[in-house]
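# Residue-level structural notes
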Amino acid sequence: MINKKVDSVQEALQGVHDNMTFMFGGFGLSGIAENSIAELVKMNIKGLTCISNNAGVDDFGLGLLLHQNQIKKMISSYVGENAEFERQMLSGELDVELIPQGTLAERCRAAQAGFPAIYTPAGFGTEVAEGKETREFDGKMYVLEHAFKADFAFVKAWKGDAAGNLIFKGTARNFNPNMCGAAKITVVEVEELVPVGTLDPNQIHIPGIFVQRIFQGAKYEKRIEQRTVRKRE
């Protein structure tokens, strides 16, 4: 029987070291790999290139890695909620590559599928396309974008089994499925880890072939990025 279960986040992160390229699932603070990020902070590895929709907030998500100056380059599509990110970018401490959100998703998916590159119309005629190959298809111009090359992908799912089959919940699905199998090693943390055969095959979003290591997360804060509530009357 296939068994990709590991007993701890420490075991899941074996082989991680300085100057690697990581993918992080999540959108804002929804569906982020909280346990993996916390362990990377403890390990204090440096010189990281991080591929993620955004960089979390100042005191949560990837913002924790930024505060320890562990990230040397961010490849993102949105960075508006993190003051420390802004400070490091404007001071030149942090290298930043901003990518249209759809292009970010497709470059992940290209890596997942084994395609070396894709053509996209997004960014043509802007600074996004500077220095890149362009080509016309049916009268419309496209930009060549290369698939990402990452050492590890850190993914959060709601439920999974020991074979790595995954189910995501609600909007926490976001970038997570695209990053499964898009790196050399995909590490998945789940809220509930069940025996093989427990999950309904018709409900599985990502099959285990895209996963190398899976573990049950110890706890999840599931913080809300922008919490707005009506004042009590």
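For clarity, every value in this text was computed on a predicted model and none was experimentally measured.

As a further point, take the nonpolar core. Core analysis: the biggest nonpolar cluster contains 29 residues, and M23, F148, L166 and V188 have the highest contact counts within it. Where this core is concerned, the elements lending two or more residues are α5 (101-113), β8 (150-161) and β10 (183-194). In terms of residues, this core owes the most to one element, α5, which gives five residues. Residues contacting M23, with those up to four places away along its chain left out, are I51, C108, F148, A150, F152, A153, F154, M179 and A182. Formed by 28 residues, the second largest nonpolar core is a distinct cluster that contains V16, L65, V187 and F215.

This paragraph deals with the pairing of β10. For β10, the buried fraction is high: nine of the 12 residues fall into the buried class. In the sheet, β8 pairs with β10 via 10 bridges, with the strands oriented parallel. Counted as the bridge partner of A150 is A183 from β10.

Let us look at the environment of N35. As for its position among the elements, N35 is in helix α2 (residues 34-43). With sequence-adjacent residues up to four places away left out, N35 is seen in contact with V9, E189, F215, G217, A218, K219 and Y220.

Right, let's get into the side chain of E145. Tracing the sequence through the fold places E145 in strand β7 (residues 140-146). Apart from residues no more than four positions distant in its own chain, E145 is found in contact with T103, R107, A117, I118, T120, V128 and K132.

With respect to topology, three strands assemble into an open sheet ordered β5-β7-β6, the strand pairing being antiparallel. Strand pairing shows two members of the sheet lacking a second neighbour, β5 (117-120) and β6 (134-137), which therefore form its edges. Each strand axis lies, on average, 35° off the axis of its neighbour in the sheet, ignoring direction. Bridge analysis of β5 against β7 gives four bridges, and the strand direction is antiparallel. Each bridged residue has a counterpart across the sheet, and for Y119 the counterpart in β7 is L144. Sheet strands in contact with α5 are β5 and β7, and its direction is about 150° off that of β5.

Here β6 pairs with β7 via four bridges, running antiparallel. Within the sheet, the bridge partner assigned to T134 lies in β7 and is V143. From the end of β6 to the start of β7, which pair antiparallel, there are two residues, and D138 there has a positive phi angle of about 50°.

Attention now goes to unusual backbone geometry. Unusually for a residue other than glycine, N44 sits at a positive phi of about 55°. Of note, N44 is situated in the loop between α2 and β2 (48-51). Residue N44 is classed as partly exposed on the basis of its relative accessible area, which comes to 36%.

Here the focus is the environment of E233. One can find E233 in the segment after β11 (213-216). Judged by relative accessible area, E233 falls into the exposed class, the value being 91%. Within the local environment of E233, its side chain forms a polar contact with the side chain of R230, the two groups lying 3.5 Å apart.

This part takes up the pattern of salt bridges. In total, this model carries 14 salt bridges according to the counting rule given. Taking the shortest distance from any N to any O, the salt bridge between D151 and K184 comes out at 3.6 Å. Taken together, the positions of D151 in strand β8 and K184 in strand β10 put the pair 33 residues apart, joining distant regions of the chain. A salt bridge links E221 to R223; the nearest nitrogen and oxygen atoms lie 2.9 Å apart. Given a relative accessible area of 27%, R223 falls into the partly exposed group. Salt bridges here are not isolated pairs; linked through shared partners, they connect K73, E97, R107, K132 and E145.

All chains considered together, the criterion is met by seven aromatic pairs. Residues F22 and F24 carry aromatic rings whose centres are separated by 6.2 Å and whose planes lie at 80° to one another, so their mutual orientation is edge-to-face. We note that F22, like F24, is buried. With 5.1 Å between their ring centres and 65° between their planes, Y119 and F137 make a pair best called edge-to-face. In this pair, Y119 sits in strand β5 while F137 sits in strand β6, placing the two residues 18 residues apart along the sequence. Residue classification places F137 among the partly exposed residues on the basis of a relative accessible area of 30%. Clustering of aromatic rings is evident, with ring pairs tying together F22, F24, F152 and F154. The positively charged end of K156 is found above the aromatic ring belonging to Y220, 4.7 Å away from the centroid.

Conventions we followed
- Residues numbered from 1 in each chain as written.
- Predicted model: local features only at pLDDT ≥ 70, side-chain atom pairs only at ≥ 80, totals over all residues.
- Heavy atoms only, no water.
- Core = buried A, V, L, I, M, F, W, Y, C linked by side-chain atoms within 4.5 Å.
- Buried < 20%, exposed > 50% of the residue type's maximum accessible area, 1.4 Å probe, protein only.
- Helix = DSSP H or I, 4+ residues; strand = E, 2+ residues; numbered from the N terminus.
- Contact = heavy atoms within 4.5 Å.
- Pairing = 2+ DSSP bridges.
- Axes fitted to C-alpha atoms, helices over the stretch in contact; angles between N-to-C directions.
- Polar contact = N/O pair within 3.5 Å; in protein donor to acceptor, adjacent residues only side chain to side chain.
- Salt bridge = Lys/Arg side-chain N within 4 Å of Asp/Glu carboxyl O.
- Phe/Tyr/Trp six-rings, centres within 6.5 Å; stacked < 30°, edge-to-face > 60°.
- Lys NZ or Arg CZ within 6 Å of the ring centre and 35° of its normal.

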